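Here is what each chain is made of, one letter per residue.
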Amino acid sequence: MRKSTLLATTMIAALASACTTMDNGDMTSTDVLPGTAEYNPQIPEATSVFAEPSPLFMHAPQFDRVSDGDWQGIIEEAIAIQLAEMEAIAENPNPPTFDNTLVAMQRSGQVFSRSYGAFSQIVSANINDTIATTDEELAPQVAAMTDSIYLNPELFARVKAVYDNRAAMSMTPEDAMLLETTYNEFVHRGALLGDAAQTELRQINERLSSLSSQISQRITTGQNNAAIFVDDRAMLSGLSDGQIESAAAAAAEAGHEGEFMLNVSNTTGVPQLAQLDNRDVREMLYKASIARNQSGEASTLPLIQEVIALRNRRAQLFGEPSHAAWQMYDRMVSDPDAAIGFMEEMVPALRATQEREAAVLQARLEEDGETFTLAPWDWQYYASKVRAERYALDNEEIKQYFVVDNVLEDGVFYMAEQLYGLTFEERTDIPTYHPDVKVYTVFHDGEEQALFYFDPFQRESKRGGAWMSNFVEQSHLLGLKPVITNTLNIAPPAAGQPALATWDDVTTMFHEFGHALHGIFADQQYPALSGTNTARDWVEFPSQFHENFAALPEVLQRYARHNETGEVIPAELVQAIDRASKFNQGHSFGEIIAASLLDMEWHSLDPDQPAPTDVMAFEGEALERIGLRSDLVPPRYRTPYFRHIFEHGYDAGYYAYTWTEMLHHDAYSYVAANGGMTREMGDHIVNTFLGQGHSKTYEQMFRDFTGRDPRVEPLLEARGLIPEDDDVDGVDGAEGAV
């Protein structure tokens, strides 16, 4: 996932990107032309450690120079400076030009960018009570700053004047894209609304920002609180000795000496459900997972109800038929009905697949002499048995071949070297926000290209999931190279044991590094258009695309080596992984489609009607309408802990994972047909989409790469929903997709 701050999906991402310095706090003028006056407004002087670019390599954040209690003052000062810089642009007495308005906006925001980028990562990856309180205090202030910029009538008048004169201007394609996206973002943010509507909009946005922060913190608390404790080691039959030792250590740390603690994951499904032999423990763990955040201090339900009501009211202010219609204005798929239709077309085949899979699993449990009816906490357990029997696949055996450091350095980095000419050098002179974090210099054909942070392990101070973010955005205008982080939640090793990854962890590492590559190869003039500053239904394409290289034999043999013997993963095990990739699609794909359609159900509501007051009742009715077997395969995220759509800006956008999955399967089919993982192919990837940021339209970038528009057939084939020699018309008759 490409992680966003509150600003990153708006043009404020550009305004707040790491920027050039300003001498003595004065804004540098770029518009002293014949017949115009010099304009040197005074900007408040920054006093924090972020006042100037970091003296560290590539301006890496100086985490060692900031205490937890310093952050609020630092960010509040940065907000004041950002507002003053934008006000100075708005008040420029000279006629508006592309340089003195659009380019000046791109130059602004250096102090805010440096400080808020670092703070946001700490909020997500190393939070504590002080940081949580600070985040909650700052969230509405940042939202107010955003509105103050976009609802500044003088600033918008300058942008509009340049935009209205665009036909007479000589611009590069990237200039034209910057002007188009900036103007559209101002309109989207309310610049054309009347005074009363803008006042209400500011109030809505500030409240939504505060609610997002509160929901995020409660989701993290709810996940931690949902852990279950078992007092009998025998009840953990099915887990490995290492997992049981980790569970005992976690319980002791939580004050339950002599017991065993099982954590839920950020998703509805918990990996241990596939292993635990004891059905009562499986049921207890599953129910703890799905019930989180519905009661007590960690309940998100009243906050979510308010979020939906406020989003609907905002859509109403804009005259939009739904929040989805308002939110999707800049997407590759800008019509909510098109996104919904894209997913709904798959529902009949998925429902039929779920029914077939359920029947297979019911038969399998009866083979064991069981008489109960398959329940959701049984699905993954018996699917694991069938998978092992059909494909000779044992997840614990597989993990022994995936040592985390080897996957990164001998797998991910090797792929990047072969495709793109990248090499990596670990360094120990860069301070980090947590001891788990490693830092690497990235070289491209021997030249310093970027700085890369890697934070792999789960901990209580880190929210769930995996993401990429930037500490510094690339920009030729500002002379900046990218400083990027990948953050994951791989289970930490027991004391004295190697850190091992599941196959899902491995593909997630390649996925997140795909985001990193999108940032590493950014080659844009303007930070607003740089790297991953793209639409939700495009930004996941480069990341998912790079998952494909994890299973290439020439890559696997480099990193997939047994942690004890050093033996390369056997070919038959690799073949089993490949065969099993289309297994259990009713569950793995079904939970994603259910979550995606649930997201659209919430955000396609008529804003002229009252918002639902009973969150869980609405969810139940929505899942019934969706028509999948959600009683057995619940959505990947239930509403109370659906962090993507209540914190990360994926509201009316979770479909993007499936849309971009379609793009990446089709794009990779082009790679497979044209020589595979070669440096020539890597250059083509960079030159057509990976290095293009948002300098072109998304449709054009895909056509530049493949020479055609995207096709859905490779996705359906990869998911096992149609036979590989069939076509899309055969989707409804998908046979044998168990």
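Remember, predicted model here, so these are calculated numbers, not experimental data. (Residues numbered from 1 in each chain as written. Predicted model: local features only at pLDDT ≥ 70, side-chain atom pairs only at ≥ 80, totals over all residues. Heavy atoms only, no water.)

### What to know about the overall build of the protein chain
Looking only at helices and strands, the protein chain has 28 helices and 7 strands in total. Scaling as 2.2 N^0.38, a compact globule of 738 residues should have a C-alpha radius of gyration of about 27 Å, and the protein chain matches this with 26 Å. Judged by the C-alpha coordinates and their principal axes, the protein chain covers about 90 × 60 × 55 Å. A total of 738 residues make up the protein chain; the buried ones form 61% of that total. Put simply, 77% of the contacts in the protein chain that link residues at least 6 apart link residues at least 24 apart. Separation between the mean location of the 50 positive side-chain charges and that of the 112 negative ones in the protein chain comes to 2 Å. (Helix = DSSP H or I, 4+ residues; strand = E, 2+ residues; numbered from the N terminus. Rg over C-alpha atoms; globule rule 2.2 N^0.38 Å. Buried < 20%, exposed > 50% of the residue type's maximum accessible area, 1.4 Å probe, protein only. Contact = heavy atoms within 4.5 Å. Lys, Arg positive; Asp, Glu negative; His and termini not counted. Charge placed at Lys NZ, Arg CZ, Asp CG, Glu CD.)

### Some thoughts on the nonpolar core
Ranked by internal contacts, the top residues of the largest apolar core, which has 233 residues, are F402, F452, F510, F513, I520, F545 and Y559. At 11 residues, the largest contribution of residues to this core is made by helix α2 (residues 71–90). (Core = buried A, V, L, I, M, F, W, Y, C linked by side-chain atoms within 4.5 Å.)

### Topic: the packing of aromatic side chains
This model, assessed by the stated rule, comprises 47 aromatic pairs. Measuring from centroid to centroid gives 5.5 Å for F549 and Y668, while their planes differ by 85 degrees, and the two rings are edge-to-face. Taken together, the residues F549 in the loop between α19 (536–547) and α20 (553–559) and Y668 in helix α25 (residues 656–673) connect sequence positions 119 residues apart. Note on F549: relative accessible area 0%, which makes it buried. With a centroid separation of 5.2 Å and an interplanar angle of 85 degrees, the aromatic rings of F642 and Y654 are classed as edge-to-face. Of this pair, F642 sits in the loop between α23 (615–626) and α24 (643–646) while Y654 sits in the loop between α24 and α25; the two residues are 12 residues apart in sequence, bridging distant segments of the chain. Classification of Y654 by relative accessible area gives buried; the value is 4%. (Phe/Tyr/Trp six-rings, centres within 6.5 Å; stacked < 30°, edge-to-face > 60°.)

### So, the sheet that holds strand β4 (residues 438–444)
Across the sheet, 5 strands lie side by side as β3-β4-β5-β7-β6; this open sheet has mixed pairing. Strand pairing shows two members of the sheet lacking a second neighbour, β3 (422–427) and β6 (467–472), which therefore form its edges. Each adjacent strand pair in this sheet contributes to an overall mean axis angle of 30 degrees, direction not counted. As paired strands, strand β5 (residues 447–457) and strand β7 (residues 483–490) are joined by 6 bridges and run parallel to one another. Bridge assignment links F454 to a residue of β7, and that residue is N486. Against the sheet, helix α4 (residues 110–125) engages β5, β6 and β7, with an angle of about 150 degrees to β6. (Pairing = 2+ DSSP bridges. Axes fitted to C-alpha atoms, helices over the stretch in contact; angles between N-to-C directions.)

### Some words on helix α5 (residues 129–150)
With 22 residues, α5 ought to run about 32 Å at 1.5 Å a step, and its terminal C-alpha atoms sit 32 Å apart, in line with that. Approximately 30 degrees is the largest bend angle found in α5, and it occurs at L138, with the proline P140 only one to four residues beyond. (Expected span 1.5 Å × (residues − 1). Bend = angle between axes of the 7 residues up to and from the residue.)

### Considering the environment of L517
Turning to its location among the elements, L517 is positioned in helix α18 (residues 503–520). Classification of L517 as buried rests on a relative accessible area of 0%. For L517 and R629, which are 112 residues apart along the polypeptide, the C-alpha to C-alpha distance reads 37 Å. Ignoring sequence-local partners within four residues, the contact set of L517 consists of M415, Y420, L422, H546 and L690.

### Things to note about the packing of helix α10 (residues 279–291) against helix α15 (residues 376–391)
At their nearest, the axes of α10 and α15 sit 8 Å apart, and the two run at 120 degrees to each other. For the element pair α10 / α15, the angle class is oblique. For the pair α10 and α15, the crossing hand works out as right-handed. Each of R279, R282, E283, Y286 and K287 in α10 lies in contact with α15, whose residues at this interface are P376, W377, D378, Y381 and Y382. By residue class, the composition of the contact of α10 with α15 is 5 nonpolar, no polar and 5 charged. (Parallel < 35°, antiparallel > 145°, perpendicular 65-115°, else oblique. Left-handed = near helix turned anticlockwise from the far one by under 90°. Nonpolar A, V, L, I, M, F, W, Y, C, P; charged D, E, K, R; others polar.)

### A short note on the environment of D70
Assignment of secondary structure puts D70 in the loop between α1 (12–15) and α2. Residues D70 and S48, spaced 22 residues apart in sequence, show a C-alpha to C-alpha distance of 9.1 Å.

### So, the pairing of β4
Most of β4 sits inside the fold, with 5 of its 7 residues counted as buried. Pairing of β3 with β4 involves 6 bridges; the strand directions are antiparallel. Within the sheet, the bridge partner assigned to R427 lies in β4 and is V439. Across 7 bridges, β4 lies against β5 in antiparallel orientation. Bridging across to β5, V442 finds its partner in A450.

### With respect to unusual backbone geometry
Of note in the backbone geometry, M58 takes a positive phi value of approximately 55 degrees without being a glycine. Considering the arrangement of structural elements, one finds M58 in the loop between α1 and α2. Within the chain, A392 stands out as a residue other than glycine whose phi angle is a positive 50 degrees. Within the fold, A392 resides in the loop between α15 and α16 (395–399).

### Notes on a negative patch on the surface
Taken together, D335, D337, E344 and E345 make up a surface patch of like negative charges. With respect to the helices and strands, the residue D337 is situated in helix α13 (residues 336–344). (Patch = residues over 30% accessible without salt bridge, like charges linked within 9 Å, V, L, I, M, F, W, Y side chains within 5 Å. Areas by Shrake-Rupley, 256 points an atom, 1.4 Å probe, with all protein chains shown as cover. Salt bridge = Lys/Arg side-chain N within 4 Å of Asp/Glu carboxyl O.)

### With respect to the side chain of H511
Secondary-structure assignment places H511 in helix α18. The class of H511 is buried, set by a relative accessible area of 7%. Leaving out residues up to four positions away in the same chain, H511 has contacts with M1, E540, S543, Q544 and E547.

### Brief notes about helix α11 (residues 301–317)
Compared with the 24 Å implied by 1.5 Å per residue over 17 residues, the 25 Å span of α11 between its first and last C-alpha is a close match. Structurally, α11 contributes buried residues whose contacts are with α8 (195–225), α12 (323–327), α22 (585–603), α23 and α24. Where α11 terminates, the next one or two residues include G319, which has phi positive at roughly 70 degrees.

### Considerations on the packing of α19 against helix α27 (residues 698–706)
Where α19 contacts α27, the axes come no closer than 11 Å and their chain directions differ by 25 degrees. Taken together, the axes of α19 and α27 are roughly parallel relative to one another. As α19 runs across α27, the sense of the crossing is left-handed. Within the contact between the two elements, α19 uses W538, F541 and F545 and α27 uses Y698, M701, F702 and F705.

### Here's the deal with the pattern of salt bridges
By the definition in use, this model includes 31 salt bridges. Residue D455 is joined to R459 by a salt bridge in which the shortest nitrogen-to-oxygen separation is 2.7 Å. Overall, the relative accessible area of 12% leaves R459 in the buried class. Three or more residues are tied together by salt bridges with common partners; here these are R351, E355, R629 and D631.

### Comments concerning the confidence of the model for the protein chain
Chain-level statistics for the protein chain give a pLDDT mean of 92 and a share of 93% at 70 or above. Of the regions scoring below 50 in pLDDT, residues 723–738 engages in 32 contacts with residues more than four places distant in sequence or in other chains. (pLDDT = per-residue confidence, 0-100.)

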